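Residue-level listing of the chains:
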Amino acid sequence: MNINFVTAFNEDLYKRFGKLFLQSVQENWEPTLKVKAYHYNFPITAYSLNKNSIQYSNLEDVKKYVKFKEDNKLHNGTENGQIPYNEKLDIIKWCHRVFALTDYAFTLTKNNSDAGWLIWTDVDSYTTRRLKEEDILKILPDNADVAHVGKNDLGNLSTSFIAFNLNKKPSLDLLWDLRRAYVKGEVIQYREWHDAFILERLINIYNSHGLKTIDVSNQVKEYILSMEGVSSSNIVPLRDVKGNRLVKLSKDKTTPDIIPSRYQKNAELLRHFKPTNILETGTWNGGRAIEMALASFENVDTVNYYGFDLFEDATLETDKEEFNVKPHNTLEAVQKRLEDFKNKMLEKNKVFNFTLTKGNTRETLKDRNSFTWGTPDIIDYAFIGGGNSIATTKSDYKCLKHVPVIVIDHYFSEDDDKLKPPKEFCGTNEVFKNIPKGLKKVIIPGEDKVRNGGKTHLCLIMDKKKVKEPPKHLFSVPIKVNPRDCVPKDYIRNNIKTNFKLIDKWLHKYPIHNYKCILVSGGPYTDYKKLKQFVDNNPNSKVVAVKHSYPKLLEHGIKPWACVVLDPRPITGTSTHGVVRKDLFKNIEPTTKFFVASMTDPSVTEYLMERKVTIWGWHAFTESLRDPEEQKKGIHNNTVTLNKDLGLPEGTTLITGGTCAAMRALGIMHTLGFRFFDLFGFDSNMEEPTEEQKKETTGAEEEEPRPKYFKVSTSGKEFWTTGELLALAQDCEKYFNEAPIEMGINLHGENTLVSTLWKLSKKYKENQDSFTGDF
């Protein structure tokens, strides 16, 4: 496959970085690697450039680029002097990459079906070793669409190295949408106007429709290192420029927080043990320190925190040795963040004392001078979350083994694909295995995933003689439901073939707009009177139902704009809620649009057609759509080769998102341009079943019968549920924590299984006011 690189620079960038970058290309890159460099505001004749292996083009020759700059010259980060300068709103500063990248992409693909990979590399990069075509091809698999290097220090998608497989239609469509967002002026509808922000949102949308993206940061940094910001006064260079890494580290701002679900259990442990003196290895950006202090402040008025980290002393070597993939922070920036937090707590009559120690904990934890308010013996709660190597984890535990409560992060286990981090990084596993008798040790189960494979959990070690055991629900194993199609795959495929002939209009992508979606699932605890008031008070919203909520909405005078249908079983059968499916559509509002999945039983489609309703078809992703050869090989990824027998055209929009119509409706409405969602009826629990119902069983013929109704607990609350309802709860939990950042979600309802999960989620913790409708 062909390999093409592209970059762009002006005179300032050339002087600061470009000369070194171009030199590294000449010295270290194999000549077969094609490099195109666009220049702008650059007097090229004044410089002697290497033209042997690099093709140069003047970006000013791209007419749409010139017109765009002229049309948007007021959007220069100050709105022509109306606001203080904001670089995130400086379109002119960030548009060069968009036009250079897309111009070369469209040039390469014009009349060429084998354009290969197009790789954007920032000019503030430097190649440290010989770079060959075979090295790049190892990093970029043929079946991937887009490859990137994770997040940057500001929490956005890093665009310093990003690759697009131009042989794949989704990649090319993505680049067209990127260019279109700027040319059509759509970019100024977003809250940030730089290319990384826009590109990340487009990738999130495309991912939900099958785009396959991969993170290649670990592989790329073996060859290409960033020199961003070397000459800036607020930069702390990690190492010098001679073939080594230089990393942009702020002295006053920390990187964005990462809030994995397992830290909720850590907060619950803190509430239970009520510590005053907390020690943490791996302070990172200070976010977990604040989270732990807040949990402790629920029971105490003073918290003394001791934090240990390498901070800016971290290097590529220490990252590799300790299995670290997070960006680094300076001691000074974390110090400032915790000082600000300390002052805020004083306003609430809470005292937060802290001391930070920089260096390798194999040495610093042994230094008693690190303990400002006494000795290491005063610590009553330790969180070990720094290095993952066996040597570091063992050393940290040895220094802290006297602490009555110790929580160690990163106990690794296999994921569903039997993947797990290499043994040399399983330091917590090794320590846990060798905990002496007399101490209580427990793995706190969770579902947090490890990059490149595996799951990670917390483990708790405590001295039962000194502390009281925490509640049992913290140690309960998550129930995981693996839903299956309720009818055979051949049945679903026949449904798809028939519906493809019956339905004329099919779903495709629409531009983003300002309408909000009120999505109503079929949960039993919805207060429809309050829902009616909410609908009346939000005229700029569209009400979307599923089949079980549809008749109830009509009963209460609410006219759904749309109803999503997803059920491969005949209309004459009884639904999981004990209702004949046909009766759910006894009354139909003529203005309702019905979004009917292609896998729906044709008897449902034909019945709705008889009622003269508006029908839009959509394709729910299911393994039944996958090519039989992929199924035989056990391939289960986001890049789908469709079964040719189905007759679906290439590039068909596939809606993912969950096991039921309510969750797929989120994907449908996202595809239709909605970005703000109010969710009702997402309950996932029921009243306690009767004694007779408790005896009912379920399961396939080849399986052991299991109870149809069972009880689950979360955050100490218990709920009765079923396998199907629990699958919805699992889908919601995942979505609340992993939904694209531009989606505003608000869940309505109290004292249900899903509402409990909602209040523990990342989305709930985000400031909902940030979703203002500017999208």
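Residues numbered from 1 in each chain as written. Predicted model: local features only at pLDDT ≥ 70, side-chain atom pairs only at ≥ 80, totals over all residues. Heavy atoms only, no water.

Here we look at the overall build of the protein chain
- A count of helices and strands for the protein chain gives 24 helices and 29 strands.
- The buried share of the protein chain, taken over its 775 residues, is 53%.
- Here the contacts in the protein chain between residues at least 6 apart in sequence split such that 70% fall between residues at least 24 apart.
- Carbon and sulfur atoms provide 49% of the accessible area of the protein chain, an area that totals close to 36000 Å². (Helix = DSSP H or I, 4+ residues; strand = E, 2+ residues; numbered from the N terminus. Buried < 20%, exposed > 50% of the residue type's maximum accessible area, 1.4 Å probe, protein only. Contact = heavy atoms within 4.5 Å. Areas by Shrake-Rupley, 256 points an atom, 1.4 Å probe, with all protein chains shown as cover.)

Observations regarding the side chain of Thr392
- Among the structural elements, Thr392 can be located in helix H13 (residues 390-400).
- With relative accessibility at 3%, the residue Thr392 sits in the buried group.
- Here the side chain of Thr392 touches Arg362 through a polar contact of 3.0 Å, side chain to side chain.
- For Thr392, the contacting residues outside a window of four places in its chain are Glu322, Thr361, Arg362 and Gly387. (Polar contact = N/O pair within 3.5 Å; in protein donor to acceptor, adjacent residues only side chain to side chain.)

Comments concerning the sheet that holds strand E10 (residues 277-281)
- Across the sheet, which stays open at both edges, the 7 strands sit in the order E12-E11-E10-E13-E14-E16-E15 with mixed pairing between neighbours. Each of the sheet's edge strands pairs with one partner strand only, and the pair in question is strand E12 (351-358) and strand E15 (440-449). The sheet shows a mean angle of 20° between the axes of neighbouring strands, taken without regard to direction.
- Here strand E14 (residues 405-413) pairs with strand E16 (residues 455-462) via 7 bridges, running antiparallel. Across the sheet, the residue bridging to Phe412 is Thr456, located in E16. (Pairing = 2+ DSSP bridges. Axes fitted to C-alpha atoms, helices over the stretch in contact; angles between N-to-C directions.)

Some words on the packing of helix H3 (residues 91-109) against helix H5 (residues 169-183)
- Contact pair H3 / H5: the axes reach a minimum separation of 10 Å and the direction vectors enclose 135°. On the basis of their axis angle, the class for H3 and H5 is oblique. The crossing of H3 and H5 is left-handed. Contacts from Val98, Phe99, Leu101, Thr102, Asp103, Ala105, Phe106 and Thr109 of H3 reach H5 at Leu172, Leu175, Trp176, Leu178, Arg179, Tyr182 and Val183.
- Classifying every residue of the contact of H3 with H5 by side-chain character gives 11 nonpolar, 2 polar and 2 charged. (Parallel < 35°, antiparallel > 145°, perpendicular 65-115°, else oblique. Left-handed = near helix turned anticlockwise from the far one by under 90°. Nonpolar A, V, L, I, M, F, W, Y, C, P; charged D, E, K, R; others polar.)

Brief notes about the sheet that holds strand E7 (residues 161-165)
- Pairing in this open sheet of 7 strands is mixed, and the strands run E3-E2-E1-E4-E7-E6-E8 from one edge to the other. Both edges of this open sheet fall to strand E3 (54-58) and strand E8 (213-215), since each of them pairs with a single strand only. Mean inter-strand twist for the sheet, computed between neighbouring axes without regard to direction, equals 20°.
- The pairing of strand E2 (residues 34-39) with E3 spans 5 bridges and is classified as parallel. Within the sheet, the bridge partner assigned to Tyr38 lies in E3 and is Ser57.

Observations regarding the environment of Leu666
- Inspection of the secondary structure assignment puts Leu666 in helix H20 (residues 661-671).
- Residue classification places Leu666 among the buried positions, given a relative accessible area of 1%.
- Separated by 11 residues in sequence, Leu666 and Phe677 have C-alpha atoms that sit 8.2 Å apart.
- Non-local contacts of Leu666, meaning those with residues more than four positions away in its chain, are made with Leu519, Phe677, Leu679, Tyr735 and Met743.

Some remarks on the pattern of salt bridges
- Overall, the coordinates contain 37 salt bridges when judged by the stated rule.
- In this structure, Glu280 and Arg288 form a salt bridge, with 2.5 Å as the shortest nitrogen-oxygen distance. Considered together, Glu280 and Arg288 belong to a single accessibility category, that of buried residues.
- What emerges from the salt-bridge pattern is a single network uniting Arg262, Glu280, Arg288, Asp409 and Asp448. (Salt bridge = Lys/Arg side-chain N within 4 Å of Asp/Glu carboxyl O.)

Regarding the confidence of the model for the protein chain
- Across the protein chain, the average pLDDT comes to 83, with 85% of residues at or above 70.
- Taken element by element, the protein chain is modelled with least confidence in strand E9 (residues 224-226), mean pLDDT 49, and with most confidence in strand E13 (residues 381-384), mean pLDDT 97.
- Note on residues 225-247: pLDDT is under 50 here. Beyond four places in sequence and across chains, it has 66 contacts. (pLDDT = per-residue confidence, 0-100.)

Side note on the nonpolar core
- In terms of nonpolar packing, the biggest core is built from 49 residues, with Val564, Phe595, Trp618, Ile668, Met669, Leu679 and Phe682 touching the most fellow members.
- Among the elements that line this core, the one with the most residues is H20, at 7 residues.
- Not counting the four nearest positions on each side in its chain, Trp618 is found in contact with Trp506, Leu507, Val564, Val565, Leu566, Phe595, Val596, Ala597, Ser598, Ile655, Arg664 and Ile668.
- Judged by nonpolar contacts, the second largest core, of 44 residues, contains Leu89, Cys95, Ala105 and Tyr182. (Core = buried A, V, L, I, M, F, W, Y, C linked by side-chain atoms within 4.5 Å.)

Structural notes on the packing of aromatic side chains
- With the rule as written, the count across this model stands at 26 aromatic pairs.
- Through a chain of ring-to-ring contacts, three or more aromatic side chains come together here, namely Phe9, Tyr14, Phe42 and Tyr47.
- Lying over the aromatic face of Phe197, Arg201 brings its terminal NZ or CZ to 3.4 Å of the ring centre.
- The side chain of Lys542 reaches across the aromatic face of Tyr515, ending 4.8 Å from its centre. (Phe/Tyr/Trp six-rings, centres within 6.5 Å; stacked < 30°, edge-to-face > 60°. Lys NZ or Arg CZ within 6 Å of the ring centre and 35° of its normal.)

Focus on the state of the cysteines
- Evaluation of the coordinates by the stated rule reveals 0 disulfides.
- Cys660 carries a free sulfur, and the closest cysteine sulfur to it, the one in Cys732, is 7.2 Å from it.
- Judged by relative accessible area, Cys660 falls into the partly exposed class, the value being 22%. (Disulfide = S-S within 2.5 Å.)

Observations regarding unusual backbone geometry
- Of note in the backbone geometry, Trp284 takes a positive phi value of approximately 55° without being a glycine.
- Among the residues examined, Trp284 registers a relative accessible area of 12% and is labelled buried.
- One non-glycine residue, Asn751, lies in the positive phi region at around 55°.
- Inspection of the secondary structure assignment puts Asn751 in the loop between strand E29 (744-747) and helix H23 (753-758).
- By relative accessible area, which is 61% here, Asn751 ends up exposed.

Considering helix H16 (residues 528-536)
- Of the positions making up H16, those classed as buried are Tyr528, Leu531, Phe534 and Val535. Projected onto a plane normal to the axis of H16, the buried residues spread over an arc of 110° and lie on a single side. For H16, the exposed residues lying more than 90 degrees away from the buried face are Lys529 and Lys530. (Arc of directions from axis to C-beta.)

Some words on the environment of Leu270
- Locating Leu270 in the fold gives a position in helix H8 (residues 262-273).
- Apart from the residues lying within four places of it in its own chain, the contact partners of Leu270 are Pro275, Ile278, Met292, Ala295, Ser296 and Tyr381.

Description of the pairing of strand E20 (residues 562-565)
- Covered by surrounding structure in E20 are Ala562 and Val564 together with Cys563 and Val565, the residues of both alternating faces.
- The pairing of strand E19 (residues 541-546) with E20 spans 3 bridges and is classified as parallel. Its bridge partner being in E20, Ala545 is matched across the sheet by Cys563.
- As for the winding sense of the linkage, the β-α-β connection from E19 through helix H17 (residues 550-555) to E20 is right-handed.
- Summarising the sheet, E20 and strand E21 (residues 593-597) pair through 4 bridges and their orientation is parallel. (Right-handed = clockwise from strand over helix to strand, strands pointing away.)

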